[in-house]
Amino acid sequence: MRGVWGVPAGWVWDESLFEGAAVHYERGRLPYAEGFVAALAEALGLDGSGRLLDVGCGPGTVTLPLAGWFAEAVGIDPDPGMLARARQRAAAAGVGDVRWVRSRAEDLPAGLGVFRVAVFGQSFHWMEQDRVAATVRRMLLPGGAFVHISDAKEPMSTTGLPCPAPPYAAVAELVRAYLGPVRRAGRGLLPHGTPGGEDAVLAAAGFVGPRRLRVPSGAVVRRSVDDVVAWVHSRSDAVPPLFGPRLAEFDDDLRGLLAAAARDGWFAERVPDTELVLWRVPDAGIVGRD
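Summary of the structure given here. Keep in mind that this is a model prediction, so the values were computed, not measured.

Secondary structure summary: the protein contains 9 helices and 11 strands in total. Over its C-alpha atoms the protein spans a radius of gyration of 19 Å, differing by no more than 12% from the 19 Å that the globule rule assigns to 290 residues. For the protein, the residues scored as buried account for 49% of the 290 residues in total. Intrachain contacts of the protein at a sequence separation of at least 6 include 82% that bridge at least 24 residues. About 13,000 Å² of surface is accessible on the protein, with carbon and sulfur atoms providing 54% of the total. Across the protein, the centroid of the 31 positively charged side chains sits 2 Å from that of the 34 negatively charged ones.

Attention shifts here to the environment of Ala152. For Ala152, the location among the structural elements is in the loop between strand 5 (140-151) and helix 6 (168-179). Of the residues examined, Ala152 reaches a relative accessible area of 7% and is grouped as buried. Along the sequence, Ala152 and Asp227 sit 75 residues apart, while their C-alpha atoms lie 21 Å from each other. Ignoring anything within four residues of it in the chain, the contact list for Ala152 reads Arg214, Pro272, Asp273 and Glu275.

This next bit is on the packing of aromatic side chains. Going through the model one piece at a time under the given rule, you end up with 11 aromatic pairs. Ring centres of Phe18 and Trp126 lie 6.1 Å apart, and the angle between their planes is 90°; on these two criteria the pair is classed as edge-to-face. Taken together, the positions of Phe18 in the segment before helix 1 (22-28) and Trp126 in the loop between strand 4 (115-121) and helix 5 (129-139) put the pair 108 residues apart, joining distant regions of the chain. The pair formed by Phe18 and Trp126 is uniform in burial state, with each residue classed as buried. With centroids separated by 4.3 Å and ring planes inclined at 20°, the aromatic side chains of Phe120 and Phe146 adopt a geometry described as stacked. Here Phe146 lies in strand 5 and Phe120 lies in strand 4, a separation of 26 residues in the sequence. The class of Phe120 is buried, set by a relative accessible area of 0%. Accessibility expressed as a relative area gives 0% for Phe146, which makes it buried. An aromatic cluster of at least three residues, connected via ring pairs, comprises Phe120, Phe124, Phe146 and Phe207. Directly above the aromatic system of Phe115 lies the positively charged group of Arg51, at a separation of 4.2 Å from the ring centroid. The ring of Trp266 is capped by Arg222, whose NZ or CZ atom sits 4.0 Å from the centre of that ring.

To continue, consider the nonpolar core. Within the largest apolar cluster, 30 residues are counted, with the highest numbers of intra-cluster contacts made by Val117 and Val147. Taken together, the elements giving at least two residues each to this core come down to helix 2 (36-44), helix 3 (63-67), helix 4 (80-93), strand 3 (98-102), strand 4, strand 5 and strand 11 (274-280). Among the elements that make up this core, the one with the highest residue count is helix 2 (6 residues). Apart from residues no more than four positions distant in its own chain, Val117 is found in contact with Leu44, Leu46, Arg51, Leu52, Leu53, Phe70, Leu140, Ala145 and Val147.

Considering the arrangement of structural elements, one finds Asp54 in strand 1 (residues 51-55). There is no salt bridge for the buried Asp54, and the closest opposite charge comes from Arg89, which lies 8.9 Å off by N-O distance. Not counting the four nearest positions on each side in its chain, Asp54 is found in contact with Val62, Thr63, Val74, Gly75, Ile76 and Val119.

Before going further, it helps to spend a moment on the sheet that holds strand 11. Strand pairs in the sheet, formed through backbone hydrogen bonds, run parallel or antiparallel to each other. In spatial order, the strands read 3-2-1-4-5-11-8; together these 7 strands make up an open sheet with mixed pairing. What marks the edges here is a single partner per strand, and that holds for strand 3 and strand 8 (208-215). Each strand of the sheet is rotated relative to its neighbour by a mean of 20°, with strand direction disregarded. As paired strands, strand 2 (residues 72-77) and strand 3 are joined by 5 bridges and run parallel to one another. Bridge pairing in strand 3 links Gly75 to Trp100.

The subject of this paragraph is the environment of Glu154. With respect to the helices and strands, the residue Glu154 is situated in the loop between strand 5 and helix 6. Classification of Glu154 by relative accessible area gives partly exposed; the value is 37%. With 119 residues separating them along the chain, Glu154 and Asp273 place their C-alpha atoms 9.7 Å apart. In this structure the side chain of Glu154 is engaged in a polar contact, spanning 2.2 Å, whose partner is the side chain of Arg214.

Scoring rules and cut-offs
Residues numbered from 1 in each chain as written. Predicted model: local features only at pLDDT ≥ 70, side-chain atom pairs only at ≥ 80, totals over all residues. Heavy atoms only, no water. Helix = DSSP H or I, 4+ residues; strand = E, 2+ residues; numbered from the N terminus. Rg over C-alpha atoms; globule rule 2.2 N^0.38 Å. Buried < 20%, exposed > 50% of the residue type's maximum accessible area, 1.4 Å probe, protein only. Contact = heavy atoms within 4.5 Å. Areas by Shrake-Rupley, 256 points an atom, 1.4 Å probe, with all protein chains shown as cover. Lys, Arg positive; Asp, Glu negative; His and termini not counted. Charge placed at Lys NZ, Arg CZ, Asp CG, Glu CD. Phe/Tyr/Trp six-rings, centres within 6.5 Å; stacked < 30°, edge-to-face > 60°. Lys NZ or Arg CZ within 6 Å of the ring centre and 35° of its normal. Core = buried A, V, L, I, M, F, W, Y, C linked by side-chain atoms within 4.5 Å. Salt bridge = Lys/Arg side-chain N within 4 Å of Asp/Glu carboxyl O. Pairing = 2+ DSSP bridges. Axes fitted to C-alpha atoms, helices over the stretch in contact; angles between N-to-C directions. Polar contact = N/O pair within 3.5 Å; in protein donor to acceptor, adjacent residues only side chain to side chain.

Read these as layout, nothing more, since geometry by itself doesn't imply function.
As structure tokens, this is what we get:
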């Protein structure tokens, strides 16, 4: 259900949405498919020129691997913990020519200038989509691209895995037992989840497309109990502050549930394919739908 400007009806963003998640994010989240950077570079003809804007950059998950394909990259995020971790990762990797800016997408253009590409790594659904799309459209050069990056959403097969898959349904039940039946998101609730309909929003903002690319993964990763705990606390509906004084109790119950389901402390799962959805700013060479 879409509310004003495309945010979920009845929900208002607040700074606690991903509070405390940054320390868990890298360990807990599965990676994008290994070839997603090469696929995007080929699709957009990236050559080291122009500027990249990563909106809702988190700890630099997308910004850092893409930065070398541009003259400069800018990552924005409203969460200070995410930006602190992004700076640490950039320094450790020796990635230069990257700026990290604490900002909501709704505060753009924020004096950041113009860009060749704007990427949204599973972040656009948290934003006032109509407003953000229209603003980013004005920040992109003619022929520039708005790129949405996400995991493929269909369930991954558990057949043939070397260890059991994490018991995600049971984990969700445990979270509901502690936090209530309606999904939490910051200080608010999401009874209907986050909205879809991005295609209509982006077309209305003046983008052309979309061109959809699917980057296959095929990778199988082993996950420890600690990895799955980190995944839980990297999510907006289970960030540590939501549990208040019951956090330690919840973690004990979570670890007990996971230990009972694991094989010698380990799980396995397939890394999902990565989906790239490309929208373009019209210029003389870009007309209509790809």
